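These are the residues of each chain, in order.
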Amino acid sequence: MISFIDFLNILLPFLYVITFGIYSYDFMKGRKELANYKRLFLFITLLFHAIYLITRTLYFGHPPITNVFEIFAVLAFAIAFSYFVLELVTDIRGTGPFIIIISILFQVISSIEIEHIVAVKDVLKSNLLGIHVFSALVGYSGITISAVYGFLYLMLYKEIKLNQFGLIFNRMPNLEILEKLSFSSAIIGFALLTIAIIIGIIWLPQAFPDFSYADPKLIGTSIVWILYGIGITAKLLGKWRGKKVVILSIVGFVIAILSTMLTNFLSLSFHSFY
Amino acid sequence: MNLLAVSINHHTAPVELREALYLGSEDVKNLVSEAKGKLFSEGLVICTCNRTEFYGIPVDKNTSYFDVQNFVIDKKSSHKISPEHFQSFMSREAVKHLFKVISGIDSLLIGDNQIFKQVKDSFIVAEEMSFTGFLMKRVFDSATIVGKRAITETEISEGAVTVSYAAVQLIEKIFSTLNKKSALVIGTGETGEIAAKHLRDRGIGRLALTNRSFDKAEKLAADLNTAVFPFANFKEHLHKFDIIISATSAPDLILTKDDIKKAMKKRNGASMVLMDIAIPRDIDPETKNIDYVFYHDIDSLNIIVEQNLSKRKSEIPKVEKIIEEELDNFFNWYNSLQAAPTIKNLRDYFETIRAEEVDKNKNKFSDDDREKLEIVTKRIINKILHHPTIELRKSAESGENTPESATRLGILRELFGIDNHKPDEEKK
C-alpha cells in the first residue's frame with residue numbers, strides 16, 4: 001500500500017499541472033469544446049486526490065493533518081474542491097487557472113517534502129484537533145478563493161477603466177459577480193476561521209503546556225480574522241465596496257500565508273509539528 | 001444540378017442601387033408570381049437591405065442567368081442596373097453561395113445572425129406562394145443545417161460588432177443584472193433612441209430620458225413607456241442612475257467632472273457607467289479618473305467592435321469547412337437521385353428484409369423446404385420490383401436528370417426510408 005501512496009503522491013502534482021494546462025489553454029483560446037473536458041479532468045484529479053488522502057489516513061492510522069506538508073496536501077484538495085463546487089453551482093468557468101495554480105503550489109511542496117509518519121504525538125489524535133484543523137483549512141480555502149476573485153476583480157476593473165479589453169475582459173464574469181464571489185468566499189472563510197479560533201482558544205491551552213498567546217500563528221490568524229471582520233462589517237453596513245473590500249481580502253490572504261510560513265518554516269511555535 | 005442563383009449585393013452594387021432594389025414583402029410576392037413558370041419551376045427570393053437574390057430551378061434548358069438578370073433589369077428599368085452589378089452562380093456554386101449567405105460570412109457585417117431569420121422568412125414566403133418544390137425544400141433544409149452549425153460550432157456571431165451593442169456588452173461586464181439597474185439617456189436623436197431601445201430590449205429595470213426639446217423626449221418616452229426629465233434640471237437626478245448614455249449634438253460638454261463627483265457622493269460611491277456616444281463629446285473625459293466611474297466614449301467602444309470583428313474574421317475558415325461538409329452531404333444525396341444507384345439501393349433494401357425474415361423463420365422449415373423458401377421469397381421480391389425497376393431504368397437510359405425524375409426518385413427514397421435505412425449497416 002505504501003508504494004501506491006507514494007505513486008499517488010508523485011502523480012498528483014502532474015494531474016494538477018495537466019488540469020491547469022487544460023484550463024489555461026481554454027482560457028487563452030476560449031474553445032467551447034474544451035469546456036466540459038476541463039471539468040471532467042478536474043474531477044478525475046480530485047478523485048485521485050481523495051483516494052490519496054483516504055489511503056494515507058487508513059495506512060498511517062491518523063488523518064493527514066499532523067504536519068505542515070500533510071496539511072498542504074489537504075489544503076490543495078480543499079481549494080480545488082471548493083472551486084469545483086463553485087464552478088458547478090455558478091457555471092462560471094473562466095476563473096479556474098487562477099485558483100488551480102494555488103492548489104499546484106501547495107501540492108508540489110507537499111509531494112516533495114512529505115514524509116511517512118506513523119507515530120504521532122497523543123495530543124494530535126484528539127477529535128477537537130480534527131474539528132479545529134478542518135475548520136481552519138476550509139477557512140483558509142475560503143480566504144484563498146476570496147483573494148483570487150478579489151485579484152481578478154482588480155484586474156478587470158483596471159482593464160475596463162483603461163479601455164484595455166484583453167483576455168481578462170473577454171473571459172471573466174462581470175465585476176459585480178467577481179465582487180460577490182470574493183465576498184461570499186470571504187464570509188465562509190471568516191465563519192470557519194472563527195470556529196477554528198474558538199476551538200483553539202478553548203482547547204489549545206489544555207493540550208499544549210507551552211501554549212502562548214504570543215504565538216505568531218495565533219497573532220497572524222487573529223490579525224487576519226480582525227481584518228476580515230472589519231471588511232465584512234463595513235461592506236454589510238454599506239460603508240465600503242468594490243476595491244476597498246477586495247484589497248482587504250488580498251491583504252488578509254497574504255498575512256495568512258506569511259504567518260503560516262513564519263510559524264512552520266522558522267519553527268517558532270508550538271504550532272509547528274515537525 | 002441545374003440550380004441557378006443571381007445576386008446583387010454589397011460586393012457588387014453601391015448602397016443607392018441596393019436601396020433602389022429593396023423589395024417589400026408584397027413586391028417579393030408579385031415578383032415570385034411573375035417568375036414562377038416563366039423563369040423558374042421552383043425557387044426562392046431573398047431580399048434584405050444589403051442583398052437581393054434569386055435562386056431557382058429553370059423551367060427549361062434554355063433559361064440562363066442572363067434571363068434572370070434581364071428580368072430584374074426590366075422590373076427596375078428606372079434605375080441604372082447593368083450586368084456588372086450581378087453575381088451569378090450555377091449548380092454547386094449556387095448552393096454554396098446560399099450556404100455562405102445563411103451562415104453570415106457573406107454579410108457586410110460578418111457573422112450577422114439576422115440573415116438566418118431573413119432567409120428562413122424568404123423560404124416561408126416561397127412556400128406560401130407554392131414556389132418551393134422537392135429540390136428547393138432540400139436545399140433550404142441543408143442551408144438551415146449550415147446556419148445552425150455555424151452559430152453553434154463556431155464563434156462567427158459572437159461579440160458585439162456595432163457601437164450600441166458594444167456599449168451594452170461593456171455595461172454587462174460591470175453589472176450582473178440589468179433588470180435591477182436604472183439608466184438615463186440624454187438626447188433623443190437617432191443614436192439616443194437606438195440606445196434607449198437597446199436598453200429596454202436588454203431588460204433594464206428603470207429607464208428615463210431627457211432632451212433639450214422636451215416634446216421630442218416625451219414622444220419617445222411615450223413609445224418606450226419611460227419617465228422623462230426636463231433638460232433644465234436633469235442633473236439633480238443624476239445620482240439615481242447606474243448608467244448614463246449621452247448622445248446629444250451639443251457643441252460643448254453637458255456633464256462636467258464636478259457634476260459626476262457630486263452624483264457619486266450622493267450614491268455613496270456605487271458604480272456608475274457613463275457612455276458618451278456623442279460627437280463632439282458630451283461628458284468630460286476626466287470623469288474616468290473618479291473611482292467606480294466607468295467612462296467610455298465612441299473610441300473605446302470602437303476598440304471592442306474592431307476586436308470582435310477580427311475575431312469573427314478568424315472564424316471564417318471554420319465556417320467554410322462546415323459549408324464544404326454540408327455541400328458534400330447535399331450532393332451525395334442529390335447524386336443518389338440518379339436512377340442507377342436508386343435501383344440498386346431499392347433492391348438491396350428489399351433483399352435485406354427478405355434475408356432477415358427468412359433467417360428468422362428458417363427453423364420452422366425442413367432442410368428441403370428451406371431451399372424452396374429462398375427461391376419463392378426471391379421470386380416474390382423480383383415480381384414486386386419488376387415494374388418499378390423498368391420505370392426507373394427508362395429514366396436512367398434517357399440520361400437526363402430532370403427535376404421531375406429527381407422528384408420521383410426522391411419520393412421513392414423517402415417512402416422506403418432508403419437514406420435513413422442502411423441495409424449494409426443493419427447486416428452488421
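Structure: above.
Every chain is numbered independently, its residues counted from 1 as its sequence is written. All chains are assigned letters beginning with A, and all ligands numbers beginning with 1, in the order in which they are written. Under the rules for a predicted model, residues below a pLDDT of 70 receive no local features and side-chain atom pairs below 80 are neither given nor counted, while totals for whole chains, interfaces and linings still include all residues. Excluded from the side-chain calculations are hydrogens and water; all other atoms, namely the structure's heavy atoms, are used.

## Let's talk about the overall build of chain B
Going along the chain from the N terminus, every DSSP run of H or I of four or more residues is numbered as a helix, and every run of E of two or more is numbered as a strand. Each helix and strand counted, chain B has 15 helices and ten strands in total. Radius of gyration here is computed from C-alpha atoms only, and the compact-globule reference equals 2.2 Å multiplied by the residue count raised to the power 0.38. Against the 2.2 N^0.38 benchmark of 22 Å for 428 residues, chain B shows a C-alpha radius of gyration of 31 Å, more extended than a compact globule. On the principal axes, the C-alpha backbone points of chain B span a range of 105 × 60 × 35 Å. Within chain B, the fraction of its 428 residues that count as buried is 50%. Each residue's exposure class comes from its accessible area (1.4 Å probe, protein chains only) as a fraction of the maximum for that residue type: buried when under 20%, exposed when over 50%, partly exposed otherwise.

## So, the packing of aromatic side chains
Working definition: rings of Phe, Tyr and Trp (its six-membered ring) pair if their centres are within 6.5 Å, and the pair is stacked with planes under 30 degrees apart, edge-to-face with planes over 60 apart, and tilted otherwise. Within the structure shown, the criterion is met by 24 aromatic pairs over all chains. Judged by centre distance (5.2 Å) and plane angle (20°), the ring pair of Phe-190 of chain A and Trp-225 of chain A falls under stacked. Highlighted residues: Phe-190 of chain A in helix α7 (residues 175-207) and Trp-225 of chain A in helix α8 (residues 216-236), separated in sequence by 35 residues. Taking relative accessible area as the criterion, Phe-190 of chain A reaches 19% and is therefore assigned buried. Assessed through its relative accessible area of 30%, Trp-225 of chain A is described here as partly exposed. Look at Phe-229 of chain B and Phe-241 of chain B: their rings are 5.9 Å apart centre to centre, the planes differ by 80°, and that puts the pair in the edge-to-face class. Placement of the pair is Phe-229 of chain B in strand β7 (residues 227-230) and Phe-241 of chain B in the loop between β7 and β8 (243-246), with a sequence separation of twelve residues. The buried category is assigned to Phe-229 of chain B, whose relative accessible area is 14%. Within the aromatic cluster, the residues linked to one another by ring pairs are Tyr-153 and Tyr-157 of chain A together with Tyr-292 and Phe-294 of chain B. Here, over-ring charges are defined by two tests on the NZ atom of lysine or the CZ atom of arginine: distance to the ring centre within 6 Å, and angle to the ring normal within 35 degrees. Positioned over the ring face of Phe-294 of chain B is Lys-161 of chain A, at 5.9 Å from the centre of the ring.

## Observations concerning a nonpolar patch on the surface
Residues and elements named next belong to chain A. A cluster of nonpolar residues, Phe-4, Phe-7, Tyr-37, Leu-40, Phe-43, Leu-47, Phe-48 and Ile-51, forms a patch on the protein surface that exposes about 760 Å² of accessible area. Those elements giving two or more residues to the nonpolar patch turn out to be α1 (2-29) and α2 (35-60). Position of Phe-43 among the secondary structure elements: in helix α2. Patches in this entry comprise residues that are over 30% relatively accessible and not in a salt bridge; like charges within 9 Å are linked, as are nonpolar side chains (Val, Leu, Ile, Met, Phe, Trp, Tyr) within 5 Å. Areas reported here follow the Shrake-Rupley algorithm with a probe of radius 1.4 Å; residue values treat only the protein chains shown as occluding. The term salt bridge refers to a side-chain nitrogen of Lys or Arg lying within 4 Å of a carboxyl oxygen of Asp or Glu.

## Notes on the sheet that holds strand β1 (residues 4-9) of chain B
Residues and elements named next belong to chain B. Think of it this way: DSSP has to see at least two bridges between two strands before they count as a pair. Read across the open sheet, the four strands follow the order β2-β3-β1-β4; overall the sheet is antiparallel. A strand with exactly one partner marks an edge of an open sheet, and here the two such strands are β2 (40-48) and β4 (87-90). Taking each pair of neighbouring strands and ignoring which way they run, the sheet shows an average axis angle of 15°. Two elements, β1 and strand β3 (residues 51-58), share six bridges in a ladder whose sense is antiparallel. Bridging across to β3, Ser-7 finds its partner in Glu-53. Against the sheet, helix α6 (residues 134-153) engages β2 and β3, with an angle of about 35° to β2. Interaxial angles span 0 to 180 degrees and are taken between N-to-C directions of axes, which are lines fitted to C-alpha atoms, for helices over the stretch in contact. Contacts are residue-level and defined by heavy atoms, with any inter-residue pair within 4.5 Å sufficient.

## Observations concerning the pattern of salt bridges
Applying the stated criterion across every chain, the model contains 29 salt bridges over all chains. When the shortest N-O distance is used, the salt bridge between Lys-181 of chain B and Glu-176 of chain A registers 2.7 Å. Of the two residues, Lys-181 of chain B is situated in the loop between α7 (163-172) and β5 (182-186) and Glu-176 of chain A in helix α7; the pairing between them involves two chains. A salt bridge links Arg-149 of chain B to Glu-325 of chain B, with the nearest nitrogen and oxygen atoms 2.7 Å apart. Residue Arg-149 of chain B is located in helix α6, and its partner Glu-325 of chain B is located in helix α11 (residues 298-336); the two are separated by 176 residues in the primary sequence. Of the residues examined, Arg-149 of chain B reaches a relative accessible area of 17% and is grouped as buried.

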